[in-house]
Amino acid sequence: MAVVTEYLHLSTGGNGDIEDITSGVQDKLAASGLRDGVVTVSAVGSTAAVTTCEYEPGLVKDIKALLDRLIPRGEYHHDQAWGDGNGHSHLRASLMGPSLSIPFSGGQLILGTWQQIIFIDWDTRSRKRQIVVQMMGE
Amino acid sequence: MAVVTEYLHLSTGGNGDIEDITSGVQDKLAASGLRDGVVTVSAVGSTAAVTTCEYEPGLVKDIKALLDRLIPRGEYHHDQAWGDGNGHSHLRASLMGPSLSIPFSGGQLILGTWQQIIFIDWDTRSRKRQIVVQMMGE
Amino acid sequence: MAVVTEYLHLSTGGNGDIEDITSGVQDKLAASGLRDGVVTVSAVGSTAAVTTCEYEPGLVKDIKALLDRLIPRGEYHHDQAWGDGNGHSHLRASLMGPSLSIPFSGGQLILGTWQQIIFIDWDTRSRKRQIVVQMMGE
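The written sequence of each chain sets the order in which its residues are numbered from 1. The naming scheme follows written order: chains are lettered A onward, ligands numbered 1 onward. Given that this is a predicted model, residues contribute local features only at a pLDDT of at least 70 and side-chain atom pairs are listed and counted only at 80 or more, while totals for whole chains, interfaces and linings are drawn from all residues.

**A word on the interface of chain A and chain C**
In this description, a residue-residue contact is defined by the distance between C-beta atoms placed from the backbone, which must lie within 7 Å. At the junction of the two partners, chain A supplies 27 residues and chain C supplies 31 residues. Here a helix means four or more residues in a row that DSSP labels H or I, a strand means two or more in a row labelled E, and each is numbered from the N terminus. Taken together, the elements giving at least two residues each to the side of chain A that touches chain C come down to strand 1 (2-12), strand 3 (37-43), helix 3 (77-82), helix 4 (87-96), strand 5 (99-105) and strand 8 (127-137) of chain A. If you tally residues by element for the side of chain A that touches chain C, the top one is helix 4 of chain A, at five residues. The classification used treats Ala, Val, Leu, Ile, Met, Phe, Trp, Tyr, Cys and Pro as nonpolar, Asp, Glu, Lys and Arg as charged, and all other residues, Gly among them, as polar. Taken together, the residues that form the side of chain A that touches chain C break down as 12 nonpolar, 15 polar and no charged.

This is the structure in structure tokens:
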């Protein structure tokens, strides 16, 4: 059993930029040499989320539109305190959650054919992002 | 320390079919012989979710009604591309998340008395589903 | 590799009481002596949630207001069955999810500067709560 802690580095556009990080995670897994275990994928920061979806352009638009509707940009207490206008970004990130645990077996992530790991930057500006990719297993 | 990767196989009705998989997960844990560690429960596919709830008929109806209200069946970009009419299924799954990590101790899942592990099939048709149940521990 | 299972004990006010448990989790991690691995933080019970946010008073109000809007207190099937009036509490907990996996490295949780681990008690009354903090690593 071993632990291997790696990072992905992304430059995002913010504003609901949704990136498919599946191959980045799979590459880190391959480099670790581990065959069976779990990978924890975790966004560093409080305005980004990690989940899975079928990564195709229509659904990418739908996810952004969904959160625009459920948690619109607007007046939040957070913005009154800080004036950075990203209260909605924080709320979307907290609701969706910052981390994801995906099992792997035989050196492969166990995902559906149409299931990709996505990183969503909900912040209101371009960001350089760090994503933890930690493999644990044997 | 060891890793044991198992699967549950379910036939669901789709359309918000909510299944209590707690005893299925507990059985896999018992068979693994592991006493202390974490189990990762992960839906294979992008139209299903895993979380916990008090599994009783009223709340099962409430969860389905909640998602029917927050993310109604309707016109999504995903549907225009693929014509399979399950854009809302994907969105519900991505929002709720596909996987869950539950610690265990003394060979028992650490859950509340009224807290069960549920698998929700948000797709629009009956499906045969695979759920990863991966135990890691000692 | 080792597993260390610990608990935090909280007295909450319920009704969307949001507690910053980061230092509590970090203290358990320090006491474990583990340097690299993952901590699973898991709410015991079906009316509480765990996620991360920037813990500041404005955002704490915003999170409560968001869930009050998306899943208002009201008439749910669960309440009709049990009469305890906390259907909305269950729904909020199931949507947000009960557990969170955070990697650690060099004995430190890998979180952003403005990213704290929060426990939210969505129940309708004061509760004594147990939170599992399980470290796995080396």
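**Things to note about the interface of chain A and chain B**
Each side of the interface is counted separately: chain A has 31 residues, and chain B has 27 residues. Secondary structure elements with two or more residues in the side of chain A that touches chain B: strand 3, strand 4 (48-53), helix 2 (57-70), strand 5 and strand 8 of chain A. Top contributing element to the side of chain A that touches chain B by residue count: helix 2 of chain A, with seven residues. Grouping the constituent residues of the side of chain A that touches chain B by class yields 15 nonpolar, 10 polar and six charged.

**Brief notes about the sheet that holds strand 4 (residues 48-53) of chain C**
Residue and element names in this part refer to chain C. Pairing between two strands is assigned when DSSP locates at least 2 bridges connecting them. Overall, antiparallel pairing links the three strands, which are arranged 2-7-4 in an open sheet. Edge positions in the sheet fall to strand 2 (17-20) and strand 4, since each of these pairs with one other strand and no more. On average, adjacent strands in this sheet sit at an angle of 30° to one another, irrespective of strand direction. In the sheet, strand 4 pairs with strand 7 (residues 116-121) via six bridges, with the strands oriented antiparallel. Bridge pairing links Ala49 to Ile120 in strand 7. Between N-to-C directions, angles span 0 to 180 degrees; the directions come from axes that are lines fitted to C-alpha atoms, helices contributing only their stretch in contact.

**Some points on the sheet that holds strand 7 (residues 116-121) of chain B**
Residues and elements named next belong to chain B. Sheet architecture is open: three strands sit in the order 2-7-4, paired in antiparallel fashion. Both edges of this open sheet fall to strand 2 (17-20) and strand 4 (48-53), since each of them pairs with a single strand only. Across the sheet, the mean angle from the axis of one strand to that of its neighbour is 30°, orientation sign disregarded. As judged from the four bridges shared by strand 2 and strand 7, these two strands associate in the antiparallel manner. Bridge assignment links Ile18 to a residue of strand 7, and that residue is Ile120.

**Quick notes on unusual backbone geometry**
All names here are of chain A. In the Ramachandran plot, Asn15 falls in the positive-phi region, its phi being about 55° despite a non-glycine side chain. Summarising the element assignment, Asn15 is placed in the loop between strand 1 and strand 2 (17-20). Whether a residue is buried, exposed or partly exposed is read from the other C-beta atoms within 10 Å of its own C-beta, which are placed from the backbone; 20 or more gives buried, 12 or fewer gives exposed, and intermediate counts give partly exposed. Take Asn15: there are 16 C-beta atoms within 10 Å of it, and that puts it in the partly exposed class.

**With respect to the confidence of the model for chain A**
Residue-level confidence of the predictor is what pLDDT reports, using numbers from 0 through 100. Overall, the prediction assigns chain A a mean pLDDT of 97, with 100% of residues at 70 or greater. Scored by ipTM, the complex comes to 0.97, with pTM at 0.98.

**A word on helix 1 (residues 22-32) of chain B**
Residue and element names in this part refer to chain B. Listed in full, the buried residues belonging to helix 1 are Gly24, Val25, Lys28, Leu29 and Ser32. Seen from one end, helix 1 has its buried residues packed into an arc of 140°, which puts them on one side. Opposite the buried face of helix 1, at more than 90 degrees from it, the exposed residues are Ser23, Ala30 and Ala31. Residue Gly33 follows helix 1 closely and has a positive phi angle near 75°. Picture the helix axis, draw a direction to every C-beta atom, and the arc is the one those directions span.

**Focus: the relation of the copies chain A and chain B**
Note on the identical chains: chain A maps onto chain B by a rotation of 120° and an axial translation of 0.0 Å, with an RMSD of 0.0 Å. The two molecules are tied by a three-fold rotation axis, judged by turn and shift. Counting the interface residues of chain A, we find that no more than 16% of their copies in chain B are interface residues as well, pointing to two distinct contact surfaces. Least squares is the method used to superpose the copies, on C-alpha atoms of residues holding a pLDDT of at least 70 in both.

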